Amino acid sequence: MYTPWQVNSGSGWSTTGLGTTPYSGNGTNRLTVNNSPTSVSGNTYRVIVGNGGACPNDTSSVFTLNVTPNAVAPTFTAGTTTICLGGTDTYTATTTAGTVTYSIVGGTGASINSTTGVVSSVTGNFTVRATATTICGTATTDRAVTVNPAPSALSGGDQSICYTGGTITGASASNYGTITWTTSGTGTFSDANVLAPTYTPSAGDIGAGIVTLTFTASNPGCTSAVATKDVTILSANTWVGSVSTDWFTAANWCLSGAIPTATTDVIIPNEALTNFDPLVNGVGGVCQNININASGIIGIAGTNNLDIYGDWNNSGTFNINSSTVTFRGSTNTNIGGFASPQPFYNLTINKGTSAASVTTTADVDVANLITITQGQLVVDVGTVVDMGSVSTVISTNGTLHVNGGDATGNGINASGTVNMETGTLGIANTVVLTAGTFNQTGGVVTLNTAGVNTNSNAVFTADANANLNISGGSVIFERANAGTGYDVSITSGSGTKTITGGTFQFGNATTPTSQVFKVDNSLVDFNNVTINSANAPTLRLISNVAINSTGVLSPSSVLDLNQKLMLVNNNSASAITRSGNGYVLSETQIGSARLVWNIGSTTATNYVFPLGNAAGEYMPLTMRLNSGNIGFAGVSSFKSVNVSSGNWPTGSEQVTSVANPAQAIQRFWHLESSASPSSYNADVTFSFHNAEDPTIGISSVVKMQRYNKPTNSWDLALAGQVFNNTNTRTVMVPRHYQVLMVGWWK
């Protein structure tokens, strides 16, 4: 028979409980464990067999009961429910019963390693399944995974806002769940989670002048997209250009809801910082100082005007079109900046007082016209100013002041003032002073450089009411007037005309050939008068002309007296300084054409009158005072045909006979003095060329003879004459006392 079964659950053998759940069949040869709970797994069992008699019981062998549980559904411990398109993740799960493996059971957009749970090749939504497996079966848990595309973010580039705050523009994002703005500064956003918030700078931001804003776009499962932009904090009175190009729209200005006035200093920032560049597209544009920053752009539409009451500082771009910039106000202001040159179409100076100035501190290029209505335009040291293609207009209360700079222009029409201090002034055509004033203390003025003047004005015109004050510098006439006007016209009248210094020069290195300059000035004495040698120009007198007591006549080409008087008041022997092929032409039969020199009482000095003939042959007359005071000595000379009385002097200088016409040199001289003949004693040396001696070779001696007008006869030749038989040939007449007409004979 069988005695009860025994169990050892780790505390020794016992029969306790074997007759109850989960056991049955105790006392039989089969012990049944019902539903095999895991609590009995690992227990050992044996049975005791006996016959109930005197024989001892027998113990069976021991066996161990191992119970395998049913599989338990896994629990996910890693792996997100959201993943980024193209991304990867690792999914793990645990179970209390079974071995866990992984698979994709939903969607087609991923693959998974069944052992490690690593997901890859993600293109769309999918479901991960974790499966627990035992010998008793399987149990599963699913995790649905959403696949999101990667977000993108663009900040819209750097921009500017007013110091009072402004909208952050240009940002965009895609594939995002949330967007967020943050700042490197301490300002605030109206809503940091929208595309275009309003940012209000803090005091610290304003002091720094710039902040960096960071724009973040996020989508679950993906790395956030980040973009940044620098935001410049614009100070007051700065162009923002937030809504349009219109200068007259208040929203475009950092001006607390206003547009610039005559007391507003405005700033035009770098155009990259604004949505629109400013355009003055109507009347009434005005400001005080204007600063156009580097890369800043401003324009004036059409023929509109911008009034400036302060300084113009342009380091950017000014689109001029056909506009006008007018400088107003009563204070001294400047035109400067790093743009070179500063461009204008029309430039007007109309200050509140004639004493107020606009000074160039940078080069200026005016395309059309400068008008100086009131106030001064000062061309300062180191600057170059192109005054435009139309003659500059200077009104009564206006002044052009060249103070060390270089100015060029088409012309000047002035009822106001031109002050030439130092520097250069180049004029393509004319300077016309109509009751205006021309003051020159230095510098160089070059006139008629274009040579296209065809009007009736002289190249340099000072009318009766004009004031002319020249004490230094040079006025150079590059080309002769091609019109009916002269080159110099100075008219007497109520205006003051004074020339105490400086030089009037006719011709320069670029003067074309065959130029004839004409001077009409009987009112005021010149200082220095120079005839340049390049291309042999001619200076022709239209009126009697005088040179003052310090001036010098320097003919390097032809001075044509044209039956007029050239008076040299300077008594220095170098007051007439001939060079090159220069000479004075007095070819006329009347004594009104003469060169007069204030020799006075200067003795033992040769005064050379640089006469020449129409053929360009130089025939100087030299006068040397031995004693006394000759005063103003006048000289003229002309050619005659020796056989024809019709070519002898006529009128008040009439000569009725020549002792031997066939042997007379073909030339007459007229000498005069402001002193009485008895008050001086002088030697005179005459010169002539062989071409004017029809009997050359017949006689080796030539003598000078004086024509006695009261007796209509020829005086005997003075004794002691010295003949030099060279070419140019000369005759020196000693102890000359008379000044009337003289001729030569053999």
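Parameters at a glance
- Residues numbered from 1 in each chain as written.
- Predicted model: local features only at pLDDT ≥ 70, side-chain atom pairs only at ≥ 80, totals over all residues.
- Heavy atoms only, no water.
- Helix = DSSP H or I, 4+ residues; strand = E, 2+ residues; numbered from the N terminus.
- Rg over C-alpha atoms; globule rule 2.2 N^0.38 Å.
- Buried < 20%, exposed > 50% of the residue type's maximum accessible area, 1.4 Å probe, protein only.
- Contact = heavy atoms within 4.5 Å.
- Areas by Shrake-Rupley, 256 points an atom, 1.4 Å probe, with all protein chains shown as cover.
- Lys, Arg positive; Asp, Glu negative; His and termini not counted.
- Charge placed at Lys NZ, Arg CZ, Asp CG, Glu CD.
- Pairing = 2+ DSSP bridges.
- Salt bridge = Lys/Arg side-chain N within 4 Å of Asp/Glu carboxyl O.
- Disulfide = S-S within 2.5 Å.
- Phe/Tyr/Trp six-rings, centres within 6.5 Å; stacked < 30°, edge-to-face > 60°.
- Lys NZ or Arg CZ within 6 Å of the ring centre and 35° of its normal.
- Core = buried A, V, L, I, M, F, W, Y, C linked by side-chain atoms within 4.5 Å.
- Axes fitted to C-alpha atoms, helices over the stretch in contact; angles between N-to-C directions.
- Polar contact = N/O pair within 3.5 Å; in protein donor to acceptor, adjacent residues only side chain to side chain.

K.L.:
So, the overall build of the chain: which residues are in play, and what are the values?
P.N.:
Summing up its helical and strand segments, the chain has one helix and 69 strands in all. For the chain, whose C-alpha radius of gyration is 57 Å, the value lies well above the compact-globule estimate of 27 Å for 746 residues. Here the chain holds 746 residues, and the buried ones make up 48% of them. Expressed as a percentage of contacts within the chain between residues at least 6 apart in sequence, the contacts between residues at least 24 apart total 53%. For the chain, the accessible area works out to roughly 30200 Å², and carbon and sulfur atoms hold 49% of it. Across the chain, the 23 positively charged side chains and the 33 negatively charged ones have centroids separated by 13 Å.

K.L.:
Go over the sheet that holds strand 22 (residues 188-189) with me, naming the residues and quoting the values.
P.N.:
Read from one edge to the other, the open sheet built from three strands follows the order 19-23-22, with strand pairing classed as antiparallel. Pairing within the sheet leaves two strands with one partner each, and these edge strands are strand 19 (166-167) and strand 22. Summarising the sheet, strand 22 and strand 23 (residues 198-200) pair through two bridges and their orientation is antiparallel. Among the inter-strand pairings, Thr188 is bridged to a residue of strand 23, identified as Thr200.

K.L.:
How would you summarise the pattern of salt bridges if you had to cite specific residues and measurements?
P.N.:
This structure, assessed with the given rule, holds eight salt bridges. Ionic pairing is found between Glu478 and Arg479, a salt bridge with its closest N-O pair at 4.0 Å. The shortest N-O distance in the salt bridge between Arg706 and Asp715 comes to 2.5 Å. Take Arg706: its relative accessible area is 15%, and that puts it in the buried class. The partly exposed category is assigned to Asp715, whose relative accessible area is 24%. What emerges from the salt-bridge pattern is a single network uniting Glu587, Arg667 and Glu692.

K.L.:
I'd like to hear about the environment of Leu31, residue by residue, with values.
P.N.:
Position of Leu31 relative to the elements: it lies in the loop between strand 3 (23-24) and strand 4 (32-33). Once the C-alpha coordinates of Leu31 and Ser395 are considered, the two residues, 364 residues apart in sequence, prove to be 136 Å apart. Setting aside residues no more than four positions away along its own chain, Leu31 makes contact with Trp5, Leu18, Tyr23, Ser24, Gly25, Asn26 and Tyr45.

K.L.:
Explain the pairing of strand 47 (residues 467-477) residue by residue, including any values.
P.N.:
Bridging between strand 44 (residues 437-440) and strand 47 involves four bridges; their strand directions are parallel. Bridge pairing links Phe438 to Leu468 in strand 47. As paired strands, strand 45 (residues 444-447) and strand 47 are joined by four bridges and run parallel to one another. Counterpart to Val444 in the pairing with strand 47 is Ser474. Alignment of strand 47 against strand 49 (residues 497-506), held across eight bridges, turns out to be parallel. When the sheet's bridge partners are listed, Ser474 is paired in strand 49 with Thr503.

K.L.:
Please set out the state of the cysteines residue by residue, giving values where relevant.
P.N.:
Simply put, the disulfide is a covalent bond whose two ends are the sulfur atoms of two cysteines. Tallied over the entire structure, the rule returns two disulfides. Across a sulfur-sulfur distance of 2.0 Å, Cys84 and Cys222 are joined as a disulfide pair. Classification of the bridge connecting Cys84 and Cys222 rests on its S-S torsion, roughly 100 degrees, and on that basis the disulfide is right-handed. Taken together, the positions of Cys84 in strand 9 (residues 82-84) and Cys222 in the loop between strand 24 (210-218) and strand 25 (225-234) put the pair 138 residues apart, joining distant regions of the chain. Among the residues examined, Cys222 registers a relative accessible area of 13% and is labelled buried. Paired by a disulfide, Cys162 and Cys254 hold their sulfur atoms 1.9 Å apart. Disulfide Cys162-Cys254: the torsion about the S-S bond is 65 degrees, which places it as right-handed. Taken together, the positions of Cys162 in strand 18 (residues 159-162) and Cys254 in the loop between strand 25 and strand 26 (266-268) put the pair 92 residues apart, joining distant regions of the chain. Sequence-ordered numbering of the disulfide-bonded cysteines in the chain gives the connectivity 1-3, 2-4. The thiol of Cys287 is unpaired, and the distance to the nearest cysteine sulfur, on Cys254, comes to 16 Å.

K.L.:
Give me the lowdown on the packing of aromatic side chains, citing residues and values where you can.
P.N.:
Applying the stated criterion across every chain yields a total of 22 aromatic pairs. With 5.7 Å between their ring centres and 20 degrees between their planes, Phe638 and Phe668 make a pair best called stacked. With Phe638 in strand 62 (residues 632-639) and Phe668 in strand 63 (residues 664-673), this residue pair connects regions lying 30 residues apart in the sequence. Phe668 shares its class with Phe638; the two are buried. An aromatic cluster is present here, built from Phe438, Phe460, Phe477, Phe504, Phe506, Phe517 and Phe526 joined pairwise through their rings. Against the face of Trp13 rests Arg46, its NZ or CZ located 4.2 Å from the ring centre. In this structure, Arg578 is placed above the aromatic ring of Tyr618, and the distance from its NZ or CZ to the ring centre is 3.6 Å.

K.L.:
How would you explain the nonpolar core if you had to name every residue and give the values?
P.N.:
Ile290, Trp312, Ile412, Phe477, Phe609, Leu621 and Met623 are the most contacted members of the largest nonpolar core, which has 107 residues in total. Looking at which element gives the most residues to this core, the answer is strand 38 (residues 364-380), with six residues. Once you skip the residues sitting within four places of it in the chain, Phe609 turns out to touch Leu595, Trp597, Ile599, Pro620, Leu621, Met623, Ala633 and Val635.

K.L.:
Go over the pairing of strand 51 (residues 528-531) with me, naming the residues and quoting the values.
P.N.:
Inspection of the sheet shows strand 49 paired to strand 51 by four bridges, in the parallel sense. Residue Thr503 lies in a different strand from strand 51, and its bridge partner there is Asn528.

K.L.:
Residues and numbers for unusual backbone geometry, please.
P.N.:
Between Thr21 and Pro22 the backbone carries a cis peptide bond, its omega angle lying at 10 degrees. As for its position among the elements, Pro22 is in the loop between strand 2 (13-14) and strand 3. In this model, Ser340 is joined to Pro341 through a cis peptide bond whose omega is -10 degrees. Located in the positive-phi region is Ala435, a residue other than glycine, with phi close to 65 degrees.

K.L.:
Quick rundown of the sheet that holds strand 25? Include the residues and the values.
P.N.:
Sheets are built from strands paired through backbone hydrogen bonds, the pairs being either parallel or antiparallel. Pairing in this open sheet of four strands is mixed, and the strands run 18-25-24-21 from one edge to the other. In the strand order of this sheet, the two ends are held by strand 18 and strand 21 (178-183), each with one partner. Put simply, the sheet's adjacent strands are angled 30 degrees from each other on average, direction ignored. Pairing geometry for strand 18 and strand 25, over four bridges, is parallel. Across the sheet, residue Gln159 finds its bridge partner in strand 25, namely Val231.

K.L.:
Any chance you could break down the side chain of Ser557 for me, citing the residues and the numbers?
P.N.:
Of note, Ser557 is situated in the loop between strand 54 (553-555) and strand 55 (558-560). Note on Ser557: relative accessible area 3%, which makes it buried. Among the polar contacts listed, one links the side chain of Ser557 to the backbone oxygen of Pro537, at a separation of 2.5 Å. Ignoring sequence-local partners within four residues, the contact set of Ser557 consists of Ile531, Asn532, Ala536, Pro537, Asn581, Gly582 and Tyr583.

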